[in-house]
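Close look at the chain arrangement
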Amino acid sequence: MESTLISDSVLVCDYINGNEKSLEILIIRHKQRIFSFILSKVLDRDLAEDIFQDTFIKVINTLKRGAYNEEGKFLPWVMRISHNLIIDHFRRKKRIPIFKNTDEFDIFSVISDDVLNVEKQLIKDQILEDVTGLIEQLPDDQKEVLVMRLFKDMSFKEIAENTDVSINTALGRMRYALINLRKLIEKHQIVLVNS
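Residues numbered from 1 in each chain as written. Predicted model: local features only at pLDDT ≥ 70, side-chain atom pairs only at ≥ 80, totals over all residues. Heavy atoms only, no water.

Tracing the sequence through the fold places lysine 64 in helix 3 (residues 45-65). Given the relative accessible area of 57%, lysine 64 is considered exposed. Considered as a pair, lysine 64 and glycine 18 are 46 residues apart in the sequence and their alpha carbons are 9.4 Å apart. (Helix = DSSP H or I, 4+ residues; strand = E, 2+ residues; numbered from the N terminus. Buried < 20%, exposed > 50% of the residue type's maximum accessible area, 1.4 Å probe, protein only.)

What follows is about the packing of helix 6 (residues 140-150) against helix 8 (residues 167-187). Between helix 6 and helix 8, whose axes approach to 8 Å, the crossing angle comes to 95°. In this view, helix 6 runs roughly perpendicular relative to helix 8, as classed from their interaxial angle. Of helix 8, the residues touching helix 6 (which contributes Asp141, Gln142, Val145, Leu146, Arg149 and Leu150) are Ala170, Arg173, Met174, Tyr176, Ala177, Leu178, Asn180 and Leu181. Taken together, the residues that form the contact of helix 6 with helix 8 break down as 9 nonpolar, 2 polar and 3 charged. (Axes fitted to C-alpha atoms, helices over the stretch in contact; angles between N-to-C directions. Parallel < 35°, antiparallel > 145°, perpendicular 65-115°, else oblique. Contact = heavy atoms within 4.5 Å. Nonpolar A, V, L, I, M, F, W, Y, C, P; charged D, E, K, R; others polar.)

Time to look at helix 3. In a regular helix each residue adds 1.5 Å, so 21 residues correspond to 30 Å; helix 3 covers 30 Å between its end C-alpha atoms and thus fits that length. Buried residues along helix 3 sit in contact with helix 1 (8-16), helix 2 (20-42) and helix 4 (74-92). Within two residues after helix 3, glycine 66 carries a phi angle of roughly 75°, on the positive side. (Expected span 1.5 Å × (residues − 1).)

We now examine helix 8. The end-to-end C-alpha distance of helix 8, which contains 21 residues, comes to 30 Å, matching closely the 30 Å that a straight helix rising 1.5 Å per residue would cover. Regarding helix 8, the residues found buried are Ala170, Met174, Ala177, Leu178, Ile179, Leu181, Arg182, Leu184 and Ile185.

This part takes up the nonpolar core. For soluble globular proteins, the rule of thumb is that nonpolar side chains tend to be buried together. One finds Ile34, Ile38, Val59, Leu63, Phe74 and Trp77 to be the most contacted residues of the largest nonpolar core, which totals 28 residues. Every element with two or more residues in this core is listed here: helix 1, helix 2, helix 3 and helix 4. Here this core gets 9 residues from one element, more than from any other, and that element is helix 4. Other than its neighbours up to four places away in sequence, leucine 63 contacts Val12, Tyr15, Ile16, Leu23, Tyr68 and Trp77. Judged by nonpolar contacts, the second largest core, of 17 residues, contains Leu138, Ile159, Leu178 and Leu181. (Core = buried A, V, L, I, M, F, W, Y, C linked by side-chain atoms within 4.5 Å.)

Attention shifts here to the pattern of salt bridges. In total, this model carries 8 salt bridges according to the counting rule given. Of the charged contacts, one joins lysine 31 and glutamate 49 as a salt bridge, the two residues approaching to 3.7 Å between their closest N and O atoms. Placement of lysine 31 in helix 2 and of glutamate 49 in helix 3 is noted, with a sequence separation of 18 residues between them. On the basis of relative accessible area, lysine 31 is assigned to the partly exposed category, the value being 32%. Judged by its relative accessible area of 27%, glutamate 49 falls in the partly exposed class. A salt bridge links lysine 143 to aspartate 140; its shortest N-O distance comes to 3.8 Å. With a gap of 3 residues between them, lysine 143 and aspartate 140 both fall in helix 6, about one helical turn apart. With a relative accessible area of 60%, aspartate 140 lands in the exposed category. Here the residues in one salt-bridge network are Glu136, Asp140 and Lys143, joined through shared partners. (Salt bridge = Lys/Arg side-chain N within 4 Å of Asp/Glu carboxyl O.)

What follows covers unusual backbone geometry. In this structure, leucine 43 is a non-glycine residue whose phi angle is positive, near 55°. For aspartate 164, which is not glycine, the phi torsion reads 60° and is therefore positive. We classify aspartate 164 as exposed; its relative accessible area is 73%.

Put into structure tokens, the structure is as follows:
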């Protein structure tokens, strides 16, 4: 069978079952896309090569540990690993702020800088994309408050008036929205903070 016709998930299974060649096919198949993605973020070919290598070391370790569970989503999973390694690289260089994961957790504190350099802007865009999808999973009342506060920049007084609830209720919904959002972030393993 032509290697180009074998699906990623079959190749992953074959590799997990001991066929080293399957991983080579996967790397060759996706190298251009993953490497281009990394290079577009770090703008340095040598560094991109290092991160690409680190990405596949992590892929191999995860597969060998039997911890892979992204059935049918191999490429997005690898892209997520490379994206996280890019963020780790910028963190090590102290180019983006790190904040503590507490109950008062504010997901947007990482992206509130007035002057965003290129790395911060890239990370901001990715976080917004990731988080916007997760916000959709919140209960409607929490989602409503979160969207009004973060995307429409409304005060809690305005939110209370618009949703016909007390300011305390609006504040409570916002708090629960952030707590639930944090749980979703952890569940989906979106990296916003150093582990």
